[in-house]
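What the coordinates show
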Amino acid sequence: MMRAPYSCVAVAAIASALAFAWSCSDPVHDAQVDALGPEAPGVPRGPNHRPGRPCLTCHGGQGPSDVELSVAGTIYQTAAPDSPPLEGATVTIFDATQDADGGAPRTFRTNAAGNFYARRAEWSPVYPLHDISISAPGVDTPTLMHTTVGRDGSCATCHFDPRGQGSHGHVYLVLEPADLPGAHP
Amino acid sequence: MTARSVRIARPLALVLAALASLALLATWSGACAPPPEDATIGIVTPDPAQFPPVSMLLDRRCGSLDCHGARTRNLQIYGCEGLRLGDASPGCRNASGTDTTAEEHDATFRSLVALEPAVMTAVVLGKGGSPELLTFVRKARGTEAHKGGTLVTPGDDQDVCITSWLAGTTDADACARGLAAPVIAR
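First things first, this report covers the structure right here in the doc. Fair warning: this is a prediction, and the values are worked out from it, not measured in the lab. (Residues numbered from 1 in each chain as written. Chains lettered and ligands numbered in written order. Predicted model: local features only at pLDDT ≥ 70, side-chain atom pairs only at ≥ 80, totals over all residues. Heavy atoms only, no water.)

Observations concerning the interface of chain B and chain A
When the parts of a complex come together, some accessible area is lost, and that lost area is often taken as the interface size. The partner chain A presents 22 residues to the 24 residues of chain B that form the contact. Buried area between chain B and chain A, summed over both chains or domains, comes out near 2,000 Å², and the portion from carbon and sulfur atoms is 56%. It is Asp-66, Pro-90 and Val-183 of chain B in chain B that bury the most area against chain A; as a group they hold 29% of the surface buried on that side. Summed over the shared surface of chain B and chain A, the result is zero salt bridges. Grouping the constituent residues of the side of chain B that touches chain A by class yields 11 nonpolar, six polar and seven charged. (Contact = heavy atoms within 4.5 Å. Buried area = accessible area lost by both parts, 1.4 Å probe. Salt bridge = Lys/Arg side-chain N within 4 Å of Asp/Glu carboxyl O. Nonpolar A, V, L, I, M, F, W, Y, C, P; charged D, E, K, R; others polar.)

With respect to the side chain of Thr-135 of chain B
Residues and elements named next belong to chain B. With respect to the element layout, Thr-135 can be found in helix α5 (residues 135-141). What makes Thr-135 buried here is its relative accessible area of 17%. Not counting chain neighbours up to four residues away, the residues in contact with Thr-135 comprise Glu-116 and Glu-144. (Helix = DSSP H or I, 4+ residues; strand = E, 2+ residues; numbered from the N terminus. Buried < 20%, exposed > 50% of the residue type's maximum accessible area, 1.4 Å probe, protein only.)

Brief notes about helix α4 (residues 117-125) of chain B
Residues and elements named next belong to chain B. Considered for burial, the residues of α4 that qualify are Pro-117, Met-120, Thr-121, Val-123 and Val-124. For α4, the arc enclosing every buried residue in end-on projection is 165°, short of the 170-degree limit, so these residues lie on one face. With respect to the buried face of α4, the exposed residues turned more than 90 degrees away are Ala-118 and Leu-125. Packed against the buried residues of α4 are α3 (102-113) and α6 (157-167). Two residues or fewer after α4 comes Lys-127, characterised by a positive phi angle close to 55°. (Arc of directions from axis to C-beta.)

A look at the sheet that holds strand β1 (residues 69-76) of chain A
Note on sheets: strands pair through backbone hydrogen bonds, and any given pair is parallel or antiparallel. Residues and elements named next belong to chain A. In space, the three strands of this open sheet follow the order β4-β1-β7, with mixed pairing throughout. In this open sheet, the two edge strands, each paired with only one partner strand, are β4 (115-119) and β7 (171-172). In this structure, β1 lies alongside β4, joined through five bridges in antiparallel fashion. Across the sheet, the residue bridging to Gly-73 is Phe-116, located in β4. (Pairing = 2+ DSSP bridges.)

And the structure:
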């Protein structure tokens, strides 16, 4: 009985591994990740990177990041397209297990980039999310999101610029700079 | 079988086989031909004039931009709480936008009734007697896999809103109560 040379076995094993790896890739997801482009110059990967982008594209469990988030987004000060991010805002979210009237919401604080996030291991919400609001020191009335979130934990899936038919624009605290705390001393 | 009968039968069999092959080929090529460009299919629909209350409920419960307010869905829902049409500003009037327009109600209506035209026709002709024949009803009720989960329970206000429209007379009061119902897990 003839034995296959070791080189043939190795080539077959490599070919199988490559075929397996290729068959497991998701070209749609890969394209979404590619579309995000490179990191901004001077901003390292971490909690402050890529503000305003759909966080769960990379952090949703399909990679490439191994930090899995369940809900994440960026809050800006105003509705203006060039608005600075809002640091120190409180984002309040109810999931479908909690009634807005008396239920216990989750709260998150935005960082210097305006980003907030929930790690999947800490919170895996039941959709739809509802009665989402933003508050900040010096603002009497929280800004309330009137609609629900049905399935996507990335704010930027629906909230991106420019505002139009398929987007309500980025998430903001107040419409105009004049409405910001301290604008009228 | 004699030698003579074999001599006759073999050519006959070949001719029959050739004819059968040609017939099969003709059928197959016809089956694969595209339909005429002006082909249409008829749908018996519920009354579009009674749809706006249902449309508003669907917009609230199903039409967020990450669900059926996305253009990638087979069922596309237009309205002020999600996907806008034409020049309508994003958001409803209470969020600095404009309320759902008649054109948006119509676009949602067309998307919904065209999902399963034959089944929709059967349900409407049956006076809405078996709404669960429609996939969108089964998905909303959670009896068929649905990424958005179970959204209505048979007999609740939201379900009655939809099924009453399918039956011919929209229960606008049920639709209004359904709009106000809290969003909690079922």
